[in-house]
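# Coordinate analysis (summary)
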Amino acid sequence: MNVLSGELLPAARPPTGTTVASNGGDELEMLLREWLIGYQSVNTRSAYRRDLRHWLDFLAASVVDPLTEARRVHTHAWLRAQEAAGAAPATRARRLAAVSSFYAWLIAEDHTDRANPTGIDTKRKPRAPRTSSTAGLSRDQADALLAAADTDSSPQAARTAVIVAILLYTGLRVGELVGADVEQLGHNGGHRVLRFTAKGDRPHLVALPAPVLRRLDAYLAGRTDLTGDRTPVPAGQAGAGTCRPLVATASGGRLDRGAVWRLLRRLARAAGIPVTMSAHVLRHTCATLSRDAGANLEDVQDQLGHADARTTRRYDHGGARLDRAPAYTLARYLNG
């Protein structure tokens with residue numbers, strides 16, 4: 001698969017005459033393939049793909065070879081262009097981190113002896129704000145969204161209820177949800193759990209409380225594409241490649257992020273919720289309402305998979321034990 005045009009990293013589409021296309025395209029493709037293949041998570045590769053694409057497009061438009069000609073001046077110009085285009089500080093910081101990681105890998109693997117072009121003065125690096133601009137839903141709005149999902153009249157009504165329940169109660173990222181497989185459902189110490197690879201290639205699991213399981217079991221029972229044993233198959237063993245999406249299209253294929261985005265927008269309108277709805281709004285809602293319900297910050301941090309508690313605090317607008325999982329606390333809170 002071509003890393004520049006395939007799943008891992010689409011081409012930067014340099015203009016005619018650029019050094020990237022004429023001199024370094026094959027080499028760049030090989031290096032990007034080698035770097036990205038080291039990340040197990042499809043979600044991580046996809047995130048890096050988008051951020052590297054933005055950098056490569058910028059360099060291509062300036063006719064700059066990313067391997068031999070990129071300098072700090074280009075990084076500064078790239079950041080200024082993003083700021084002028086209205087990119088949030090958190091977005092600029094994330095993109096910069098991805099590009100910096102790629103060049104740091106090139107240096108560490110002796111693929112280049114050039115300096116990292118992103119090694120700029122830390123005072124000039126964009127920083128994420130201490131509070132997030134994304135607001136979560138109120139308790140009443142969360143109830144209204146769940147009700148709208150449960151009374152959905154679409155042909156995929158059972159799937160609709162599952163998607164909203166999982167995103168609200170567990171705070172999964174949309175990529176983690178659509179990338180999850182039925183085979184990743186399991187048990188841990190008497191708890192029903194979902195195992196997956198989280199952001200940063202970290203293995204992670206979340207507890208599934210009764211309101212989620214009720215909807216999930218009903219949905220899976222009605223899936224015509226699910227036959228036979230659903231016992232998890234460890235990676236590397238025979239049958240590990242025959243995974244089935246946890247939330248699927250009508251034909252059993254993998255649901256895409258856009259479908260989830262459109263579904264949540266439709267439900268928000270039906271519920272009369274004046275919020276620009278997204279899966280990220282529900283992730284903030286999970287954190288905020290869990291804290292309102294009395295969940296510890298550390299437990300919320302563990303459930304959301306945040307490496308730093310400061311990130312979790314930004315989600316709170318108002319290595320946890322599964323017995324105290326915030327999903328259970330929130331389930332009791334929303335269900336009386």
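Reading the values: rules and limits
Residues numbered from 1 in each chain as written. Predicted model: local features only at pLDDT ≥ 70, side-chain atom pairs only at ≥ 80, totals over all residues. Heavy atoms only, no water. Helix = DSSP H or I, 4+ residues; strand = E, 2+ residues; numbered from the N terminus. Buried < 20%, exposed > 50% of the residue type's maximum accessible area, 1.4 Å probe, protein only. Areas by Shrake-Rupley, 256 points an atom, 1.4 Å probe, with all protein chains shown as cover. Phe/Tyr/Trp six-rings, centres within 6.5 Å; stacked < 30°, edge-to-face > 60°. Pairing = 2+ DSSP bridges. Axes fitted to C-alpha atoms, helices over the stretch in contact; angles between N-to-C directions. Expected span 1.5 Å × (residues − 1). Arc of directions from axis to C-beta. Salt bridge = Lys/Arg side-chain N within 4 Å of Asp/Glu carboxyl O. Contact = heavy atoms within 4.5 Å. pLDDT = per-residue confidence, 0-100. Parallel < 35°, antiparallel > 145°, perpendicular 65-115°, else oblique. Left-handed = near helix turned anticlockwise from the far one by under 90°. Nonpolar A, V, L, I, M, F, W, Y, C, P; charged D, E, K, R; others polar. Core = buried A, V, L, I, M, F, W, Y, C linked by side-chain atoms within 4.5 Å.

Next up on the list: the overall build of the protein chain. Counting its secondary structure elements, the protein chain contains 13 helices and three strands. Counting only residues that meet the buried cut, the protein chain has 47% of its 336 residues in that class. Roughly 16,200 Å² of accessible area belongs to the protein chain as shown, and the carbon and sulfur atoms make up 50% of that amount.

A complete count under the given rule lists six aromatic pairs for this structure. Look at Trp35 and Tyr48: their rings are 5.1 Å apart centre to centre, the planes differ by 55 degrees, and that puts the pair in the tilted class. Here the residue Trp35 occupies a position in helix 1 (residues 19-36), and Tyr48 occupies one in helix 2 (residues 42-61), the gap between them amounting to 13 residues. Joined through ring pairs, the aromatic side chains of Trp35, Tyr48, Trp55, Trp78, Phe102, Tyr103 and Trp105 make up one cluster.

As a further point, take the pairing of strand 1 (residues 185-188). Two faces, one strand: in a regular strand the side chains alternate between the faces of the sheet. Taken together, the four bridges between strand 1 and strand 2 (residues 191-198) define a ladder with antiparallel strand orientation. Considered in strand 2, the bridge of Leu185 is made with Leu194. Connecting the antiparallel pair strand 1 and strand 2 is a turn made up of two residues, with Gly189 showing a positive phi of about 55 degrees.

For the rest of this paragraph, the subject is the sheet that holds strand 1. Taken together, three strands build an open sheet; the order of strands is 1-2-3 and the sheet is antiparallel. Strand pairing shows two members of the sheet lacking a second neighbour, strand 1 and strand 3 (202-207), which therefore form its edges. Averaged over all adjacent pairs, the angle separating strand axes in this sheet is 45 degrees, with direction ignored.

This part takes up helix 5 (residues 139-150). With twelve residues, helix 5 should cover 16 Å at 1.5 Å per step; its first-to-last C-alpha distance of 17 Å lies within 8% of that length. Inspection of helix 5 places Ala142, Leu145, Leu146, Ala148 and Ala149 among the buried residues, and these make up the whole buried set. Projected onto a plane normal to the axis of helix 5, the buried residues spread over an arc of 160 degrees and lie on a single side.

Under the defined criterion, the tally for this structure stands at nine salt bridges. With a shortest N-O distance of 3.0 Å, Asp57 and Arg53 are connected by a salt bridge. Taken together, the positions of Asp57 and Arg53, both in helix 2 and four residues apart, correspond to about one turn of that helix. Judged by its relative accessible area of 18%, Arg53 falls in the buried class.

On to the side chain of Gln301. Secondary-structure assignment places Gln301 in helix 11 (residues 297-304). Classification of Gln301 by relative accessible area gives buried; the value is 16%. Sequence-distant contacts of Gln301, that is, excluding residues within four places in its chain, are made with His306, Ala307, Asp308, Ala309 and Thr312.

For the rest of this paragraph, the subject is the confidence of the model for the protein chain. Across the protein chain, the average pLDDT comes to 80, with 79% of residues at 70 or higher. The model gives residues 1-24 a pLDDT under 50, and that stretch makes 67 contacts with residues more than four places away or in other chains. For residues 229-240, every residue scores under 50 in pLDDT, and the model assigns this stretch 14 contacts once sequence neighbours within four places are set aside.

To continue, consider the packing of helix 10 (residues 279-292) against helix 11. Running from N to C, helix 10 and helix 11 cross one another at 160 degrees; their axes reach a closest spacing of 10 Å. In terms of their interaxial angle, helix 10 and helix 11 are classed as roughly antiparallel. Relative to helix 11, the crossing made by helix 10 is right-handed. For the pair helix 10 and helix 11, the contacting residues are Arg283, Cys286, Ala287, Ser290 and Arg291 in the first and Leu297, Val300, Gln303 and Leu304 in the second. When the residues that make up the contact of helix 10 with helix 11 are grouped by side-chain class, the tally is five nonpolar, two polar and two charged.

Before going further, it helps to spend a moment on the nonpolar core. Taken as a class, soluble globular proteins show a tendency for nonpolar side chains to be buried jointly. Of all hydrophobic cores here, the largest spans 50 residues; its most connected members are Leu167, Leu194 and Met277. Listing elements by their share of this core, those giving two or more residues are helix 5, helix 6 (157-170), helix 7 (174-179), strand 2, helix 8 (210-221), helix 9 (257-271), helix 10 and helix 13 (326-334). A total of eight residues in this core trace back to one element, the largest contributor, which is helix 6. Discounting residues that sit within four places of it in the chain, Leu167 has contacts with Leu172, Leu177, Val260, Leu264, Ala279, Leu282 and Cys286.

Notably, Val63 is not glycine yet its phi reads approximately 55 degrees, a positive angle. Within the secondary structure, Val63 sits in the loop between helix 2 and helix 3 (72-84). Under the relative-accessibility criterion, Val63 is labelled partly exposed at 40%.

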